[in-house]
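Read off the chains here:
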Amino acid sequence: TALAGTIISKNVISNINYTNVTAAATLHVGIQLKGGGSGSVTKNFITQLSNASTDATAKIIGIEIYSGAWNLYNNVVLLNNNASANAIGVYGIEAQEAVLTNTIYHNTVKIGGSIASGSAASYAFYRGGAGTDNVKNNIFQNLRAGGTGGHYAEFANAGGTYVTNNNYLEVS
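First things first, this report covers the structure right here in the doc.

1. Quick word on the overall build of the protein
Part 1: The helix and strand inventory of the protein stands at zero helices and 17 strands.
Part 2: Expected size for 172 residues packed as a compact globule is a radius of gyration near 16 Å; at 15 Å, the protein falls within 12% of this value.
Part 3: Judged by the C-alpha coordinates and their principal axes, the protein covers about 40 × 30 × 25 Å.
Part 4: Within the protein, the fraction of its 172 residues that count as buried is 42%.
Part 5: Long-range pairs, those at least 24 residues apart, make up 82% of the contacts in the protein between residues at least 6 apart in sequence.
Part 6: Measuring between centres, the 8 positive side-chain charges of the protein sit 7 Å from its 7 negative side-chain charges.

Below, the structure is given as structure tokens:
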């Protein structure tokens, strides 16, 4: 559970691997913001997370905002499932907050790699909550290829208030 005023800054999260190759719906997250609270997540570097699950609902997420009011600034997220071609979802930044406000500025997210088959999608930025999200001046690059799922730079599928400006978006 996060507290008000939480600061998560200048961390390197790298080479963390889920090696369970069964069909388990595992969720592998670099930084997860859950349990309410608020604060800043700044200057973190997240790379080389992998998930060996064969379940279609398994995921890798660089930074997940599940609840609370957060400021995400100047983070770097580089994900490619360590060159594994299994069909799992890859999310650079995932915002699921339903009520509060999040500010997401000046982040760099790059999704790479390929998927051999299956419908798992990938997102540099994914918005699934109905809160307020201000998303500005980010680099969202998704170069993942293969499979039948979509590969998105920026994706929003919820209500609430969504402001997005001056982001660099690229998909392959």
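2. Details of the sheet that holds strand S14 (residues 139–142)
Part 1: One open sheet accounts for six strands, arranged S2-S5-S8-S11-S14-S17; its pairing is parallel. For this open sheet the edge positions go to strand S2 (12–18) and strand S17 (168–171), each flanked by a neighbour on one side alone. Across the sheet, the mean angle separating the axes of adjacent strands is 5° when strand polarity is ignored.
Part 2: Both S14 and S17 contribute to a ladder of four bridges, which runs parallel. Looking across to S17, one finds that Asn142 is bridged to Val171.

3. Focus: the packing of aromatic side chains
Part 1: Evaluated as defined, the whole model comprises 10 aromatic pairs.
Part 2: Pairing Tyr123 with Tyr126 gives two aromatic rings, centres 4.8 Å apart and planes at 65°, and the pair type is edge-to-face. Tyr126 matches Tyr123 in its accessibility class, with the two residues each being buried.
Part 3: In this structure an aromatic cluster arises from ring pairing among Tyr91, Tyr123, Tyr126, Tyr152 and Phe155.
Part 4: Above the face of the Tyr66 ring, Lys34 is positioned so that its terminal group lies 4.9 Å from the ring centre.
Part 5: Directly above the aromatic system of Tyr91 lies the positively charged group of Lys59, at a separation of 4.6 Å from the ring centroid.

4. Considerations on a nonpolar patch on the surface
Part 1: A surface patch of nonpolar side chains, about 250 Å² in accessible area, is lined by Val12, Phe45 and Leu78.
Part 2: Checked against the element boundaries, Leu78 lands in strand S8 (residues 76–79).
Part 3: Note on Leu78: relative accessible area 30%, which makes it partly exposed.

5. Points about the sheet that holds strand S6 (residues 59–65)
Part 1: Taking strand neighbours across the sheet as the criterion, the five strands line up as S3-S6-S9-S12-S15 in an open arrangement whose pairing is parallel. The strands lining the two open edges of the sheet, one partner per strand, are strand S3 (27–33) and strand S15 (151–156). Each strand of the sheet is rotated relative to its neighbour by a mean of 10°, with strand direction disregarded.
Part 2: Note: strand S9 (residues 89–95) against strand S12 (residues 122–127), five bridges, orientation parallel. Looking across to S12, one finds that Val90 is bridged to Ser122.

About the thresholds
- Residues numbered from 1 in each chain as written.
- Predicted model: local features only at pLDDT ≥ 70, side-chain atom pairs only at ≥ 80, totals over all residues.
- Heavy atoms only, no water.
- Helix = DSSP H or I, 4+ residues; strand = E, 2+ residues; numbered from the N terminus.
- Rg over C-alpha atoms; globule rule 2.2 N^0.38 Å.
- Buried < 20%, exposed > 50% of the residue type's maximum accessible area, 1.4 Å probe, protein only.
- Contact = heavy atoms within 4.5 Å.
- Lys, Arg positive; Asp, Glu negative; His and termini not counted.
- Charge placed at Lys NZ, Arg CZ, Asp CG, Glu CD.
- Pairing = 2+ DSSP bridges.
- Axes fitted to C-alpha atoms, helices over the stretch in contact; angles between N-to-C directions.
- Phe/Tyr/Trp six-rings, centres within 6.5 Å; stacked < 30°, edge-to-face > 60°.
- Lys NZ or Arg CZ within 6 Å of the ring centre and 35° of its normal.
- Patch = residues over 30% accessible without salt bridge, like charges linked within 9 Å, V, L, I, M, F, W, Y side chains within 5 Å.
- Areas by Shrake-Rupley, 256 points an atom, 1.4 Å probe, with all protein chains shown as cover.
- Salt bridge = Lys/Arg side-chain N within 4 Å of Asp/Glu carboxyl O.

This is a description of form; function is not addressed.
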